[in-house]
Amino acid sequence: MSAAPMRLKTRIQAQDPVVGTFVLASPRPAIARAAVRAGADFVLVDGEHTGFGWETIGTFVSAVRTAGGVPFVRVPAARREYIGMALDMGAVGLMVPMVGSADEAREIVSWAKYPPTGVRGAMFGLAGHDFDLVEPNSAMWKSNADTILMLQIETQEGLDNVEEIAAVEGVDILWIGHWDLSISMGIPTQFEHERFQAAVDRIVAAAAANGKAAGFLADDAEHAAELVARGFRVLAWGSDLALYRTALSTGLNEIRDALD
């Protein structure tokens, strides 16, 4: 495994902007390698909305690792078994949806960290260690140091408790799930609504006050620049499906225009 995970976490802690991408449709090794070669700081495979099985997720995570990239997994829910499996399969970062309280955040940190920091179950020499023989104490220390925890603030409850969630030690990133957050606030998809904009500012401020990074999905380069100026430091651009659809549509239209 390359030094990429520790470098990425150091960059996040230093508030250096990082940009990754999502995989929602084609969790194939070729897509994993292509995303790393394209320069994605992290590649996140979605286990919440896609129905991907754990074997599929594990194969994809392994492909990202062997390409020298940093694999993230969005787990289906905040459950100990999901977090443990994703990490044992080699995920470096975890995105955890629908986090609503500091107590829940502390549980997530505990499940993701080996003792004495947490209660993660010990298993060595598998995918999380690149099938290598490791010295257990140093392997546990390194995993605790490298693992990146990204908690999604996407409910009214999470927003109400965001300052306490951000203060939990071991949390690295607060990611705004903008669709779900707007729905939970009773203003579905009204992203320019003053209440939604105030919620965004509150989450960014809570992250900054606690030395954490705030994350968001960028629409394009201009939007990314606006997000960074607003205080976001972890961004994702596109997904495999959206990028393919957009690129294909653009190319087909350009060809049709040229043939007219």
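Draft legend 1. Seen up close, the overall build of the protein. Looking only at helices and strands, the protein features 12 helices and eight strands. Burial status across the protein gives 47% buried among its 260 residues. Accessible area of the protein: about 12100 Å², with a carbon and sulfur share of 56%. Each charge sign in the protein was given a centre, from 21 positive and 33 negative side chains, and these centres are 6 Å apart.

Draft legend 2. Structural detail: the packing of helix 4 (residues 80-88) against helix 5 (residues 102-112). Put simply, helix 4 and helix 5 touch, their axes get as near as 9 Å, and they point 40° apart. Accordingly, the angle class assigned to the pair helix 4 and helix 5 is oblique. Crossing handedness for the pair helix 4 and helix 5: right-handed. Here R80, I83 and L87 of helix 4 come into contact with helix 5, specifically with I108, W111 and A112. Looking at the contact of helix 4 with helix 5, its residues break down into five nonpolar, no polar and one charged.

Draft legend 3. The arrangement of the packing of helix 2 (residues 29-38) against helix 3 (residues 54-66) in detail. Across the interface, helix 2 lies against helix 3 with an axial gap of 8 Å and an inter-helix angle of 35°. For the crossing formed where helix 2 meets helix 3, the hand is right-handed. In contact with P29, I31, A32, R33 and V36 of helix 2, helix 3 contributes T59, F60, A63 and V64. For the contact of helix 2 with helix 3, the residue count by class is seven nonpolar, one polar and one charged.

Draft legend 4. Quick look at helix 1 (residues 4-13). Restricting attention to buried positions, one finds in helix 1 the residues A4, P5, L8, K9 and I12. An end-on view of helix 1 places all buried positions within 130° of arc, on one side of the element. One or two steps after helix 1, the chain reaches Q15, where phi turns positive at roughly 65°.

Draft legend 5. Highlighting the packing of aromatic side chains. Tallied over the full model, the rule gives seven aromatic pairs. An aromatic cluster of three or more residues is present, and its members are W179, F191 and F196.

Draft legend 6. Local environment of unusual backbone geometry. Of note, the amide linkage connecting P115 to P116 takes the cis form, showing an omega dihedral of 5°. If you trace the backbone, P116 turns up in the loop between helix 5 and helix 6 (136-146). A positive phi is found at Q15, a non-glycine position, where the angle reads about 65°. Here Q15 lies in the loop between helix 1 and strand 1 (18-23). Overall, the relative accessible area of 28% leaves Q15 in the partly exposed class. One non-glycine residue, M98, lies in the positive phi region at around 55°. Inspection of the secondary structure puts M98 in the loop between strand 4 (93-96) and helix 5. Looking at M98, the relative accessible area reads 36%, which means it is partly exposed.

Draft legend 7. Structural detail: empty space enclosed by the protein. Summed over all chains, the structure comprises one cavity of 30 Å³ or more. Of the voids in this model, the largest cavity is the one considered here, and its volume is about 40 Å³. The wall of the largest cavity is formed by L87, D88, R120, M123, L126, A127, G128 and H129.

Draft legend 8. Molecular detail of the layout of surface pockets. Approximately 880 Å³ is the volume found for the largest pocket. Considering the residues around the largest pocket, the lining is formed by 36 residues, among which H178, W179, F216, L217 and D219 are closest to the centre. For the lining of the largest pocket, the secondary-structure elements that each account for two or more residues are strand 6 (173-176), helix 9 (178-184), helix 10 (194-209), strand 7 (213-218), helix 11 (221-230), strand 8 (234-239) and helix 12 (240-259). Examining the composition of the lining of the largest pocket, we find that six residues originate from one element, helix 12, more than from any other.

Parameters and conventions
- Residues numbered from 1 in each chain as written.
- Predicted model: local features only at pLDDT ≥ 70, side-chain atom pairs only at ≥ 80, totals over all residues.
- Heavy atoms only, no water.
- Helix = DSSP H or I, 4+ residues; strand = E, 2+ residues; numbered from the N terminus.
- Buried < 20%, exposed > 50% of the residue type's maximum accessible area, 1.4 Å probe, protein only.
- Areas by Shrake-Rupley, 256 points an atom, 1.4 Å probe, with all protein chains shown as cover.
- Lys, Arg positive; Asp, Glu negative; His and termini not counted.
- Charge placed at Lys NZ, Arg CZ, Asp CG, Glu CD.
- Axes fitted to C-alpha atoms, helices over the stretch in contact; angles between N-to-C directions.
- Parallel < 35°, antiparallel > 145°, perpendicular 65-115°, else oblique.
- Left-handed = near helix turned anticlockwise from the far one by under 90°.
- Contact = heavy atoms within 4.5 Å.
- Nonpolar A, V, L, I, M, F, W, Y, C, P; charged D, E, K, R; others polar.
- Arc of directions from axis to C-beta.
- Phe/Tyr/Trp six-rings, centres within 6.5 Å; stacked < 30°, edge-to-face > 60°.
- 1 Å grid on protein atoms, 1.4 Å probe; cavity = no way out; pocket = protein on both sides within 12 Å on 5 of 7 lines; lining within 4 Å.
- Points joined across faces, edges and corners; volume = space filled by probe spheres on them.

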